[in-house]
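Close look at the chain arrangement
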Amino acid sequence: MIPSCPLPRYAVAPRHSATPLFPDSFMIRTRFAPSPTGYLHIGGVRTALFNWLFARGRGGRFILRVDDTDRERNLDETLAPILHGFRWLGIDWDEGPEVGGDYGPYFQSQRGELYRAAVDRLLASGHAYYDYAGTEDLAQEREQAEAEKRKFIYSRRFRAASKADRERFEADGRQAVVRLEMPREGECRFTDLIRGDMAFEWGREQDHVIQRADGSCLYHLASVVDDHEMAISHVIRAEEHLSNTPRQIFIAQSLGYELPEYAHLPLVAEPGSKNKLSKRKLAKYLKHPEFARLTKHGEEIARAIGLSPDAETFNPVLVDFYETVGFLPGALLNYLLLLGWSLDDKTEDFDRQAMIENFSLERVQRSPASFDPTKLMTFEERHMAALSIDERTALCRPFAEKAGLVSETGETAGTTDTPDLRAIVAAAGDRIKLAGDIIQFEDFFVPDDQLLYDPPAWEKRLVQPERAASLLAEYRQTLSSIEPFDTEHLEQAMRDFMAAKGIKLGEIIHAVRVATTGKSVGFGMFETLAILGRDRTLARIDRALARIDRLARRALLDQPVSAGEE
RNA sequence: GGCGCGUUCGUCUAGGGGUCUAGGACGCCGGCCUCUCACGCCGGUAACACGGGUUCGAAUCCCGUACGCGCUACCA
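Structure report, in brief. (Residues numbered from 1 in each chain as written. Chains lettered and ligands numbered in written order. Predicted model: local features only at pLDDT ≥ 70, side-chain atom pairs only at ≥ 80, totals over all residues. Heavy atoms only, no water.)

Right, let's get into the overall build of chain A. Looking only at helices and strands, chain A has 20 helices and 12 strands in total. The C-alpha atoms of chain A give 32 Å as radius of gyration, which overshoots the globular expectation for 566 residues (24 Å, by more than 25%). Each principal axis of the C-alpha atoms in chain A carries an extent, and together these give about 105 × 55 × 45 Å. Looking at chain A as a whole, 50% of its 566 residues qualify as buried. Long-range contacts, defined here as pairs at least 24 residues apart, represent 72% of the contacts in chain A between residues at least 6 apart. Carbon and sulfur atoms make up 49% of the accessible area of chain A, which amounts to about 26,400 Å² in all. Counting 73 positive and 89 negative side-chain charges, chain A places the averaged centre of each group 4 Å from the other. (Helix = DSSP H or I, 4+ residues; strand = E, 2+ residues; numbered from the N terminus. Rg over C-alpha atoms; globule rule 2.2 N^0.38 Å. Buried < 20%, exposed > 50% of the residue type's maximum accessible area, 1.4 Å probe, protein only. Contact = heavy atoms within 4.5 Å. Areas by Shrake-Rupley, 256 points an atom, 1.4 Å probe, with all protein chains shown as cover. Lys, Arg positive; Asp, Glu negative; His and termini not counted. Charge placed at Lys NZ, Arg CZ, Asp CG, Glu CD.)

A few words on the sheet that holds strand E8 (residues 209-211). Strand order in the open sheet made by the 4 strands is E4-E3-E5-E8, with antiparallel pairing throughout. Strands at the two margins of the open sheet, each flanked by one partner only, are strand E4 (159-160) and E8. Inspection of the sheet shows strand E3 (residues 128-131) paired to E4 by 2 bridges, in the antiparallel sense. Within the sheet, the bridge partner assigned to Tyr-130 lies in E4 and is Ala-160. (Pairing = 2+ DSSP bridges.)

Counting 86 residues, the largest nonpolar core has Tyr-322 and Ile-438 as its most contacted members. With 9 residues, the top contributor of residues to this core is helix H1 (residues 42-56). Here Tyr-322 is in contact with Ile-42, Trp-88, Leu-294, Pro-316, Phe-327, Leu-332, Phe-371 and Leu-376, once residues within four sequence places are set aside. (Core = buried A, V, L, I, M, F, W, Y, C linked by side-chain atoms within 4.5 Å.)

Time to look at the packing of aromatic side chains. Per the stated rule, a full pass over the model turns up 20 aromatic pairs. Geometrically, the ring pair formed by Phe-158 and Phe-169 is tilted, given 5.9 Å between the ring centres and 50° between the ring planes. Placement of Phe-158 in the loop between helix H4 (135-147) and E4 and of Phe-169 in helix H5 (residues 163-171) is noted, with a sequence separation of 11 residues between them. Per residue, the accessibility class of Phe-158 equals that of Phe-169, and both read buried. For the ring pair Phe-314 and Phe-321, a centre distance of 4.8 Å and an interplane angle of 50° mean the geometry is tilted. (Phe/Tyr/Trp six-rings, centres within 6.5 Å; stacked < 30°, edge-to-face > 60°.)

In this section: the pattern of salt bridges. Taken as a whole and assessed by the stated rule, the structure comprises 41 salt bridges. Lys-284 is paired through a salt bridge with Glu-270; the nearest N and O atoms lie 2.9 Å apart. Placement of Lys-284 in helix H8 (residues 282-285) and of Glu-270 in the loop between strand E11 (268-269) and H8 is noted, with a sequence separation of 14 residues between them. In this structure Lys-284 comes out as partly exposed when scored by relative accessible area, which is 40%. Here Lys-519 and Asp-443 are joined by a salt bridge, their closest N and O atoms 2.8 Å apart. In this pair, Lys-519 is assigned in the loop between helix H19 (505-517) and helix H20 (525-556) and Asp-443 in the loop between helix H15 (421-428) and helix H16 (455-463), connecting sequence segments 76 residues apart. Judged by relative accessible area, which is 16%, Asp-443 ranks as buried. Overlapping salt bridges, with partners in common, bring together Arg-31, Arg-65, Arg-111, Asp-226 and Asp-227 in one network. (Salt bridge = Lys/Arg side-chain N within 4 Å of Asp/Glu carboxyl O.)

Below, the discussion takes up the packing of helix H3 (residues 112-124) against helix H6 (residues 219-229). In a pair of packed helices, the angle between the axes and the distance between the axes together describe the arrangement. Contact geometry for H3 and H6: axes closest at 10 Å, N-to-C directions at 105°. The angle between H3 and H6 places the two elements in the roughly perpendicular class. From H3, Leu-114, Tyr-115, Ala-118, Val-119 and Leu-122 reach across to H6, where they touch Leu-221, Ala-222, Val-225, Asp-226 and Glu-229. Split into classes, the residues belonging to the contact of H3 with H6 amount to 8 nonpolar, no polar and 2 charged. (Axes fitted to C-alpha atoms, helices over the stretch in contact; angles between N-to-C directions. Parallel < 35°, antiparallel > 145°, perpendicular 65-115°, else oblique. Nonpolar A, V, L, I, M, F, W, Y, C, P; charged D, E, K, R; others polar.)

With their axes 10 Å apart at the nearest point, helix H17 (residues 468-479) and H19 run at an angle of 80° to one another. Classified by the interaxial angle, the pair formed by H17 and H19 is roughly perpendicular. Counting all contacts with H17, which are made through Leu-471, Leu-472 and Tyr-475, the residues of H19 involved are Glu-507, Ile-508, Ala-511, Val-512 and Ala-515. Taken together, the residues of the contact of H17 with H19 break down into 7 nonpolar, no polar and 1 charged.

With that settled, the discussion passes to H3. Three or four residues apart is the spacing at which side chains of an α-helix point the same way, because the helix has 3.6 residues per turn. For H3, spanning 13 residues, the distance from its first C-alpha to its last is 18 Å, which sits close to the expected 18 Å at 1.5 Å a residue. Residues of H3 that are buried include every one of Gly-112, Tyr-115, Ala-118, Val-119, Leu-122 and Leu-123, and no others. Take H3 and look down its axis: the buried residues cluster within an arc of 140°, on one side only. Every exposed residue of H3 that faces more than 90 degrees away from the buried side is listed here: Glu-113 and Ala-124. (Expected span 1.5 Å × (residues − 1). Arc of directions from axis to C-beta.)

Of the strand pairs in this sheet, strand E1 (residues 29-32) and strand E2 (residues 61-64) are connected by 4 bridges, and their pairing is parallel. Following the sheet pairing, Thr-30 is matched in E2 by Phe-62. For the segment spanning E1, H1 and E2, crossover handedness is right-handed. (Right-handed = clockwise from strand over helix to strand, strands pointing away.)

By volume, the largest pocket is sized at about 990 Å³. Taken together, 35 residues make up the lining of the largest pocket; nearest its centre are Phe-32, Ala-33, Ser-35, Glu-240 and His-241. Elements represented by at least two residues in the lining of the largest pocket include exactly E1, H1 and strand E9 (234-238). In terms of residue count, the dominant contributor to the lining of the largest pocket is H1 (5 residues). By residue class, the composition of the lining of the largest pocket is 14 nonpolar, 10 polar and 11 charged. (1 Å grid on protein atoms, 1.4 Å probe; cavity = no way out; pocket = protein on both sides within 12 Å on 5 of 7 lines; lining within 4 Å. Points joined across faces, edges and corners; volume = space filled by probe spheres on them.)

Here you go:
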């Protein structure tokens, strides 16, 4: 599928092997260079993950570098969430913010001298020049080229070839930027580890600006200098950078650097489309039913734990969303791994170790992969199902606490007989997909006299069946003598009751369910009753019976009441 | 517009000339199980963008077209 790519300097370890096969001088070093924007984008995480896996699987190092060129932001606010996100995911970095390293500083804002020195060298070697053209001068040339239907190439009219030129332009009040003097003939050729041999015509490139009039340097220059200074061996990044590679190669070669290997990953696209996934287009994604479902699911959890989700930041495109609602980081990683990479035709479940051992650039897909919220959810389910009850309980507890279901000091919240969280998690089984799903079972925690009844369920199970009330009242009597009050004895008692009354299970169990939980759906009935315990079960049934009676009388008096009213 | 990259079921993908009447997973549809919901189990639907080559033979190689996406900044 992928043409074999020559790897002149880096042997690639065979699949299934994490053993580094090369001397230290050929150490694999990859990097991810986030901009401190205040959030971690899911597509960025996929790129970071692939960089991390590539390094980890080959005895290399993974570096985090903060791309804060030209930014006057508050780093505490804008970088912290990103670092936090990586830590939550378990993507650790060997060098970078907060951990340091031998190639620091790891903030581009602190490396200005390095960039300026590089610019000076490019100037001195004739690979760059001072340019005094204003933006309007360029715009004019561009328009003219367009009018004449030829491709725009800057005339270099305001290029300062000498000191005298500079003085002359400056006397006119002009300011200089530094531009690359790009070749206008020939081709830039390089091999992409994922896409094979690439060729770009130099003549299509512009004389890109690398330094502004104020002396600050631009991204491509900074990036190339840093990658070299930090001894990055493999530049693994999103495909949107493929077209930028020639100018970076030009910079690197002009500076006499040895080129890194390049690998351009396919984009992570929107649900159901091939457009680049963007945090700005949330409104559009919400029209996608499955994306909307995930978002809504998350919002319910967020609200229950006392957050007021902001549409701008609470959004499945951002990693923070997943942590907030109780996703398992391993599940997110597993899903992201398979967005653009596969091992074979069947293996889908990977833990960290398996990812590291098996990941390879050769098996990276070349076409964009769209983000599928539903499939992500199934990975979450599988990972959650693999945990023990105790592990799941531990994950759910913080959510139950934040939602006010249990107190932070122990199991009991308001009353002395608040149910055991572990028992609920056990009975919930696979219904708890996200740790935050525990909030769906708040009915176990509400005081018995505040239970709400789902109107259609109440009507169908307690009003319409003629014998519902009387059977429920009789069954209530048997409950009071069950000992111990556990699922086994509850079930036996129910069977005995059915036999004695000559009824089917369905004739009684649904009524009990609605009477004790207010809903027509839920866990196994006997588990539910056991969790509630005898006192609360009886209290809830008594309350339901009283309510049936009350509503029936009002109905007789021709005073209709809505089912929800108390 | 120019340049670049890409195109296998709705989605993620397997596939490196014959083993492909194209496999798996998710979704969807139907059924089973069942105290409800969920799970589980069984079955089903569904794809090689199009057109030319090359070849005994092409999803696989080549060319073209279409479509999609990306880049085309004194953003990163």
